[in-house]
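# Structural overview
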Amino acid sequence: MALPVQFRIIQHHLRTAQEHEKRDPVVTYYCRLYAMQTGMKLDSKTPECRKFLVKLMDQLETMKKELNDNESISQEVVGNAHIENYALKLFLYADNEDRAGRFHKNMIKSFYTSSLLLDVLSVFGELSEENIQHRKYARWKATYIHNCLKNGETPQPGPIGMGEDEEADDFGAEGFSGLGLSHGGSFRGGPPSQASEDQDHSSVPGSAPGIGFASGPGSAPSGPPTTNYNNIHIPPGAHAPANTPAELPPPAGGIQLSPEDFTKAQKYCKYAGSALQYEDVGTAIQNLQKALKLLTTGKE
């Protein structure tokens, strides 16, 4: 069924869902859930939009039944951790490649897909300020590097400045799908699709169908803009060693933990378990340390 023009803003989230249907159905489910929720806000009255949303709801109901024994679907806190960890894995992979000056299609796709998955996190509630910044940075970096390579320019590696309002706002009908890249599974050494992709690190064909970045006035890179991103917080993971476990005080007598404290501790433990699914020991240790500190001191 054709995507109604009113839903153009969610086309890339739906394509990400399609790309992960077999590799990671949890990602597919939440991408479609985000698309449905966003679509309902955009237009739920026009016949073609209503018909499209009903079909999307049917897909979600079917998936929910098929995945009813999957904790990432049945428990939101686990699903939240699954999507967030995967988004940050993609971000870290792309960030490592960027800092090393290795500019290629897989890295651009990883930056952009991570920004889409950070959008999807909004189905669980408001995004943290940290994830908002990661999303903006990843989407801008993908656009900046793509435009540099298309124009025959060399991108500047690592965190650099960007204008306050400068962000990738519009993408063509296919977005990055024309690059034919995919993600899923373990990230040791890079996304699994990397080995089978064209490893040309020097250029992205400007005429490749489906990339479709909108080039408005001033969108072509012309040196680093103004806002400094050198201090952007990169979460621990692929390129950040785990912190040395801190010395924690023994449980102090009389500490009263609130129900919210227990919920937060459970959340950290769930995050740790989800990180281990991706063999991300650093993130798992960090979250377990947070849970332990909260339970022993009553403070985060």
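Everything discussed here concerns the structure shown above.
A brief look at the structure comes next. Residue indices begin from 1 for each chain and proceed along its sequence in written order. A pLDDT threshold of at least 70 governs which residues receive local features in this predicted model, and a stricter bar of 80 or more applies before side-chain atom pairs are shown or counted, although totals over entire chains, interfaces and linings include all residues. Hydrogen atoms and water are omitted, and side-chain values are computed over all heavy atoms in the structure.

### Some details on the overall build of the protein chain
- For the purposes of this entry, the term helix denotes a DSSP run of H or I that reaches at least four residues, the term strand denotes a run of E that reaches at least two, and both are numbered from the N terminus. A count of helices and strands for the protein chain gives 9 helices and 0 strands.
- If you list the helices and strands of the protein chain from N to C, you get α-α-α-α-α-α-α-α-α.
- The proportion of buried residues among the 300 residues of the protein chain is 49%.
- When checking whether two residues touch, look at their non-hydrogen atoms; a contact exists if any pair is within 4.5 Å. For the protein chain, long-range pairs separated by at least 24 residues make up 77% of all intrachain contacts whose partners lie at least 6 apart in sequence.
- Only the protein chains shown count as cover for residues, with accessible areas throughout obtained via the Shrake-Rupley method and a probe of 1.4 Å. Put simply, the protein chain shows about 14,800 Å² of open surface, and 51% of that area lies on carbon and sulfur atoms. Exposure classes here rest on a 1.4 Å probe applied to the protein chains alone. A residue is buried below 20% of its type maximum, exposed above 50%, and partly exposed in between.

### Notes on the pattern of salt bridges
- A side-chain nitrogen of Lys or Arg and a carboxyl oxygen of Asp or Glu constitute a salt bridge if their distance falls within 4 Å. On inspection of all chains with the given rule, the structure shows 8 salt bridges.
- With a closest N to O distance of 2.9 Å, Asp-98 and Lys-141 form a salt bridge. You can see Asp-98 sitting in helix H5 (residues 76–99) and its partner Lys-141 sitting in helix H7 (residues 129–150), a full 43 residues away along the chain. A single burial state applies to Asp-98 and to Lys-141, both of which are buried.
- A cluster of three or more residues bridged by salt bridges with shared partners is formed by Asp-119, Arg-135 and Arg-139.

### Some points on the nonpolar core
- In this description, a nonpolar core means a group of buried Ala, Val, Leu, Ile, Met, Phe, Trp, Tyr and Cys residues linked to one another through side-chain atoms lying within 4.5 Å. Counting residues in each nonpolar core, the largest one holds 32 residues, and the members touching the most others are Tyr-29, Tyr-30, Leu-33, Ile-83 and Leu-117.
- When residues of this core are traced back to their parent elements, those giving at least two are helix H1 (11–19), helix H2 (25–42), helix H3 (47–66), H5 and helix H6 (105–120).
- The element best represented in this core is H2, accounting for 9 residues.
- Ignoring anything within four residues of it in the chain, the contact list for Leu-117 reads Thr-16, Val-27, Cys-31, Ile-83, Tyr-86, Ala-87 and Leu-90.
- Met-107, Trp-140, Ala-142 and Cys-148 belong to the second largest nonpolar core, which has 17 residues in total.

### As for the packing of aromatic side chains
- Two rings from Phe, Tyr or Trp (for Trp, the six-membered ring) form a pair when their centres sit within 6.5 Å of each other. Planes less than 30 degrees apart are called stacked, planes more than 60 degrees apart edge-to-face, and all others tilted. Counting across every chain of the model gives 7 aromatic pairs.
- Seen in terms of ring centroids, Phe-91 and Phe-111 are 5.8 Å apart; in terms of plane orientation they differ by 80°. Their pairing is edge-to-face. Taken together, the positions of Phe-91 in helix H5 and Phe-111 in helix H6 put the pair 20 residues apart, joining distant regions of the chain. For the pair formed by Phe-91 and Phe-111, the shared burial category is buried.

### Points about the packing of H5 against H7
- Angles run from 0 to 180 degrees between N-to-C directions of axes, and those axes are lines fitted to C-alpha atoms, restricted for helices to the stretch in contact. At a closest axis distance of 11 Å, the pairing of H5 and H7 adopts a crossing angle of 45°. One way to sum up the angle between H5 and H7 is to call them oblique. Where H5 crosses over H7, the two elements pack in a sense that is left-handed. Touching Glu-84, Leu-88, Phe-91 and Asp-98 of H5 are Asn-131, His-134, Tyr-137, Ala-138, Lys-141 and Ile-145, all from H7.
- Residues are grouped as follows: nonpolar covers Ala, Val, Leu, Ile, Met, Phe, Trp, Tyr, Cys and Pro; charged covers Asp, Glu, Lys and Arg; every other residue, Gly included, is treated as polar. Considered class by class, the residues forming the contact of H5 with H7 number 5 nonpolar, 2 polar and 3 charged. Should an angle fall under 35 degrees it is called roughly parallel, over 145 degrees roughly antiparallel, and 65 to 115 degrees roughly perpendicular, with every other angle called oblique. Whether a crossing is left-handed or right-handed is set by the direction in which the near helix is turned from the far one by less than a right angle, anticlockwise for left-handed and clockwise for right-handed.

### Some thoughts on H1
- Within H1, 7 of the 9 residues are buried, which leaves the element mostly enclosed by the surrounding structure.
- Every buried residue of H1 is accounted for by Gln-11, His-12, His-13, Leu-14, Thr-16, Ala-17 and Glu-19.
- Looking at the packing, one finds that the buried side of H1 touches H2, H3 and H6.

### Some points on H2
- Compared with an ideal rise of 1.5 Å per residue, which puts 18 residues at 26 Å, H2 spans 25 Å between its outermost C-alpha atoms and is within 8% of the ideal.
- In terms of burial, H2 is largely enclosed, as 13 of its 18 residues are buried. Here a helix's expected span is defined as the number of its residues, less one, multiplied by 1.5 Å.

### Regarding the environment of Ser-122
- By secondary structure assignment, the location of Ser-122 is in the loop between H6 and H7.
- Ser-122 sits in the partly exposed class, given a relative accessible area of 35%.
- For the pair formed by Ser-122 and Tyr-34, sequence separation is 88 residues and the distance between their alpha carbons is 7.7 Å.
- Discounting residues that sit within four places of it in the chain, Ser-122 has contacts with Tyr-34 and Leu-127.
- Whenever two N or O atoms come within 3.5 Å, that pair is a polar contact, provided that in protein one can donate a hydrogen and the other can accept it, and provided that, for residues adjacent in sequence, both atoms are side-chain atoms. A polar side-chain atom of Ser-122 sits 2.7 Å from the main-chain carbonyl oxygen of Asp-119.

### Remarks on the side chain of His-82
- Checked against the element boundaries, His-82 lands in helix H5.
- We classify His-82 as buried; its relative accessible area is 7%.
- Looking at His-82, its side chain comes within polar contact range of the side chain of Asp-24, at 3.0 Å.

### Thoughts on the side chain of Thr-28
- With respect to the helices, strands and loops of the structure, Thr-28 is situated in helix H2.
- Separated by 3.2 Å, the side chain of Thr-28 and the backbone oxygen of His-20 make a polar contact.
- Ignoring any residue separated from it by four or fewer positions in sequence, one finds Thr-28 in contact with Ala-17, His-20, Glu-21 and Met-63.

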